[in-house]
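# Working through the structure, step by step
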Amino acid sequence: MPKRILEGTVVSDKGDKTVVVKVERTFLHPVLKKTVRRSKKYHAHDEANAYKTGEIARIIECAPKSKLKTWEVLPKDGQGVSA
């Protein structure tokens, strides 16, 4: 089964080797037929502490690394893929 890859904005980089990424999704409301935006925050492992607040990050599923971290960031463009 392929691992999910999501893209979002880094909202916090205060933890060591951890970033919080806010991922937004849009969908059509089943009754109102109106486009609705929902967002969710994911704690992701950032081994190199490369991402700062406000940057766009791509995250991929991984085995649990801690209580909250089950995602890790993909390296920035030009640095290869670790998946």
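So, how was this worked out
- Starting afresh in each chain, residues are numbered from 1 along the sequence in its written order.
- Local features in this predicted model are restricted to residues whose pLDDT is 70 or higher, and side-chain atom pairs enter the listing and the counts only when it is 80 or higher, whereas totals over whole chains, interfaces and linings include all residues.
- Computation of side-chain values: all heavy atoms of the structure, hydrogens and water removed.
- Secondary structure is summarised from DSSP: a helix means a run of H or I of at least four residues, a strand means a run of E of at least two, and numbering begins at the N terminus for each.
- Three labels apply to residues, based on accessible area from a 1.4 Å probe with only protein chains included: buried if under 20% of the type maximum, exposed if over 50%, partly exposed otherwise in between.
- For every accessible area listed, the method is Shrake-Rupley and the probe measures 1.4 Å; residues are considered covered only by the protein chains on display.
- A positive count includes Lys and Arg, and a negative count includes Asp and Glu. His and the chain ends are not counted in either.
- We put the charge of a Lys on NZ, of an Arg on CZ, of an Asp on CG and of a Glu on CD.
- Salt bridge, as applied in this entry: a Lys or Arg side-chain nitrogen positioned within 4 Å of an Asp or Glu carboxyl oxygen.
- For this analysis, a polar contact is any N or O atom pair within 3.5 Å, provided that within protein one partner can donate a hydrogen and the other can accept it, and provided that sequence-adjacent residues contribute only side-chain to side-chain pairs.
- Any two residues whose heavy atoms approach within 4.5 Å at even a single point are treated as in contact.

## A look at the overall build of the protein chain
From N to C terminus, the protein chain includes zero helices and five strands. Listed N to C, the secondary structure of the protein chain is β-β-β-β-β in terms of helices and strands. Its C-alpha atoms give the protein chain principal-axis dimensions of about 45 × 30 × 30 Å. Residues classed as buried in the protein chain amount to 27% of the 83 residues present. Here the protein chain displays about 6,100 Å² of accessible surface, and carbon together with sulfur accounts for 52% of that area. Computing the positive centroid from 18 side-chain charges and the negative centroid from 10, the protein chain places the two 9 Å apart.

## Some remarks on the side chain of aspartate 46
Within the secondary structure, aspartate 46 is located in the loop between β3 (35-45) and β4 (56-61). No salt bridge is formed by the buried aspartate 46; the nearest opposite charge belongs to lysine 52, separated by 6.8 Å. Within the structure, aspartate 46 has its side chain in polar contact with the backbone nitrogen of tyrosine 51 (distance 3.1 Å). Excluding anything up to four places from it in sequence, aspartate 46 contacts Lys17, Thr18, Val19, Tyr51 and Val73.

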